[in-house]
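As a plain string of letters, each chain reads:
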Amino acid sequence: MLTSFTPSSVAAALLWVVDGSTKQGVQRHASFERAGPGVSDLDPSDDHLPWDGRVFADIVNQMVSFVVLIAINPLLNWSEVVMRLDDDSFRVGSRAALRVLTDTLIEGLQGRPFPVSLLYRKWNHQCCVDLVETLLTMASADPRLNSAVLRAVHPAMTICPDVLLLALFQIPVNFPPITSIRQHIFQVLIPAIIIQHPNAVSVLNIGWNTDVLPRKVVHNSILSAFVSLYMKPPEDQQKLARILDIAHELKPGGLAELFSSSQLQFIVDLGCLASKRDYLKLEKWLEDKLQEHGQPLIKTVLCHMERRLPSTGSANSLPVETFSVLLAFVRNHLPMVAPAIRQQYTALTEQLKDMQRILSCWILVDQLFCMDLPWQLISVKEHLIDIILRIIFLAIAVGFPYRRQYSSL
């Protein structure tokens, strides 16, 4: 009937199609013992279904448009169709069935983003939550079972860490704090999700906004994972960018809470990168952090500049604009720091002067190479270039602090 194009009826039809049943209505299955097979576990024997998911969705959309035109039915919301797939008959048992399902939903959404968050809500017919809760209860009742429980969940930690972490976020605690085994699994899963999983933002946001666990404990677990990832090894800018991207998407206040970390090296490096993304004004941010941390922040900023001098040919070199802001910040607060920090600042500025002199020498060499001289003077030019290059390489070899003898260059 034309009036039957509702999310529930379309989902029921899709379940029937995916199941491959030829019977009238939806074939019912017994509840299955896990959330569903991985793609590699799907039965390859059924490599064809007599359905084309794209055609199915296209016909549904056309029919819905028609009934809307004659004012019989409202527009179909395909996100609600996804929600109505929460049925005890829903099982994707072959690659062909998976292909039909994905083709149908992608075509039905007509270019709109796939509602990933709906997949990560608690499903009424998702059995893995009950299983994980049972395992946690066993471990809580008898700590001697911890090793056995960890062995039981280890395959899920490797194959589907996002699903397991989601289950842990959805299982309430009878009394605080969170058990040690759940905290241990958090410490393993959260860094793995952050560093490489495409669904990191969706899963972590569910934990970030949990209503069934102590929210502060979950926040601390996620924030600690960010910091520990950064420190192994520190100053990996690609990894730092990933951390910044995910923290910025944790709503509400994920990035602000991360900046509250006591790991000063981490927050200074993160703040510099965030300023490049225009997430903050670096000058004001530094002054605000100075009120929180005092002199240790100035020391950290100074060490950060020493490690990431601009124009050193390293991928970790700071942009000149960022370096200038940090340098001005330290210079403006020199009166409040210890003599040792002032000496460190003086040594850094002398090093910068030496770098400028070396750069001037390179420019001179480049100009000599480009100079058009009579043939009689070519040997003189080559000799001058050779002398200057020897001075440059010697200066680099012995280190900046010992280059005072070449200051006349």
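Residues numbered from 1 in each chain as written. Predicted model: local features only at pLDDT ≥ 70, side-chain atom pairs only at ≥ 80, totals over all residues. Heavy atoms only, no water.

### Thoughts on the overall build of the chain
Worth spelling out the cut-off: A run of DSSP states H or I qualifies as a helix once it reaches four residues; a run of E qualifies as a strand once it reaches two. Both are numbered from the N-terminal end. Note on exposure labels: buried denotes an accessible area under 20% of the residue type's maximum, exposed denotes more than 50%, and partly exposed covers the range between, all computed with a 1.4 Å probe on protein chains only.
Within the chain, the regular secondary structure consists of 19 helices and zero strands. Counting only residues that meet the buried cut, the chain has 41% of its 409 residues in that class.

### Brief notes about the confidence of the model for the chain
To be explicit about the condition: Every residue is assigned a pLDDT by the predictor, reflecting its confidence on a scale from 0 to 100. Contact between two residues is taken to exist if any of their heavy atoms lie within 4.5 Å; hydrogens are not considered.
Averaged over all residues, the pLDDT of the chain equals 78, while 73% of them reach at least 70. By mean pLDDT, the top-scoring element of the chain is helix α15 (residues 282–293) (96), and the lowest-scoring one is helix α19 (residues 378–398) (55). Taken together, the stretch residues 21–46 has pLDDT below 50 and engages in 40 contacts with residues farther than four places along the chain or on a different chain.

### So, the environment of S261
Basically, it comes down to this: We call two N or O atoms a polar contact when they sit within 3.5 Å, provided that within protein one can donate a hydrogen and the other can accept it, with sequence-adjacent residues counted only if both atoms are side-chain atoms.
Its location among the elements puts S261 in the loop between α13 (254–258) and α14 (264–276). A sequence separation of 37 residues divides S261 from S224, and the C-alpha atoms of the two residues are 8.6 Å apart. Ignoring any residue separated from it by four or fewer positions in sequence, one finds S261 in contact with V227, F266, I267 and H293. A polar contact of 3.0 Å, which involves the side chain of S261, links it to the backbone nitrogen of Q263.

### Concerning helix α17 (residues 320–332)
Heads up, the condition is: Multiplying one less than the number of residues by 1.5 Å gives the expected span of a helix.
For α17, with 13 residues, the first-to-last C-alpha span of 18 Å sits near the 18 Å given by 1.5 Å per residue. Here α17 has its buried residues at T322, F323, V325, L326, L327, F329 and V330.

### Some details on unusual backbone geometry
Backbone torsion omega between K251 and P252 reads 0°, so that peptide bond is classified as cis. The backbone phi angle of Q110 is positive, close to 55°, even though this residue is not glycine. Note that Q110 resides in the loop between α4 (95–109) and α5 (116–119).

### Section: the packing of α14 against α15
What counts, and what does not: Only the stretch in contact is used when a helix axis is fitted, and all axes are lines through C-alpha atoms; the angle between N-to-C directions ranges over 0 to 180 degrees. By definition in this entry, angles of less than 35 degrees are roughly parallel, angles greater than 145 are roughly antiparallel, angles of 65 to 115 are roughly perpendicular, and the rest are oblique. By convention, the crossing between two helices is left-handed when the near helix turns anticlockwise from the far helix through less than a right angle, and right-handed when the turn is clockwise. Note on residue classes: Ala, Val, Leu, Ile, Met, Phe, Trp, Tyr, Cys and Pro are nonpolar, Asp, Glu, Lys and Arg are charged, and everything else, Gly too, is polar.
Contact geometry of α14 with α15 gives a least axis separation of 10 Å together with a crossing angle of 160°. As far as their axial angle goes, α15 and α14 are roughly antiparallel. Of the two possible hands of crossing, α14 and α15 adopt the one that is right-handed. Across the interface between the two elements, L264, I267, V268, G271, C272 and S275 of α14 pack against L282, W285, K289 and H293 of α15. Partitioning the contact of α14 with α15 into residue classes produces six nonpolar, three polar and one charged.

### As for the pattern of salt bridges
For clarity, the cut-off: The rule for a salt bridge is simple: a side-chain nitrogen of Lys or Arg has to be within 4 Å of a carboxyl oxygen of Asp or Glu.
Tallying each qualifying case throughout the model produces seven salt bridges. As a salt-bridge pair, R54 and D52 come within 3.8 Å of each other at their nearest N and O atoms. Close ionic contact of D245 with R277 constitutes a salt bridge, the shortest N to O distance being 2.7 Å. Taken together, the residues D245 in helix α12 (residues 237–249) and R277 in the loop between α14 and α15 connect sequence positions 32 residues apart. Given a relative accessible area of 36%, D245 falls into the partly exposed group. With relative accessibility at 31%, the residue R277 sits in the partly exposed group.

### Side note on the side chain of T210
Secondary-structure assignment places T210 in the loop between α10 (200–208) and α11 (215–230). Overall, T210 belongs to the buried group, its relative accessible area being 6%. Polar side-chain contacts of T210 include one of 3.3 Å to the backbone nitrogen of L213. Apart from the residues lying within four places of it in its own chain, the contact partners of T210 are F169, R215 and V218.

### Looking at the environment of V153
Note that V153 resides in helix α7 (residues 146–159). Judged by relative accessible area, which is 6%, V153 ranks as buried. Put simply, V153 and I185 are 32 residues apart on the chain and 9.3 Å apart in space, counted from C-alpha to C-alpha.

### Quick word on the environment of D162
Here D162 lies in helix α8 (residues 161–170). On the basis of relative accessibility, which here comes to 8%, the residue D162 falls in the buried class. D162 sits 37 residues away from N199 along the chain, and the two C-alpha atoms are 7.3 Å apart.

### What about the side chain of S275?
By secondary structure assignment, the location of S275 is in helix α14. S275 sits in the buried class, given a relative accessible area of 14%.

### Notes on the packing of α10 against α11
Packing of α10 against α11 brings their axes to within 9 Å, and their N-to-C directions diverge by 145°. Judged by residue contacts, L204, G207 and W208 of α10 engage R215, V218, H219, I222 and L223 from α11. Split into classes, the residues belonging to the contact of α10 with α11 amount to five nonpolar, two polar and one charged.

### Comments concerning helix α9 (residues 180–196)
Here α9 spans 25 Å end to end across 17 residues, near enough to the 24 Å set by a 1.5 Å rise per residue. Along α9, the residues that are buried comprise I181, R182, I185, F186, L189, I190, P191, I193 and I194. For α9, the elements touching its buried residues are α6 (128–141), α7, α8, α10, α11 and α12.

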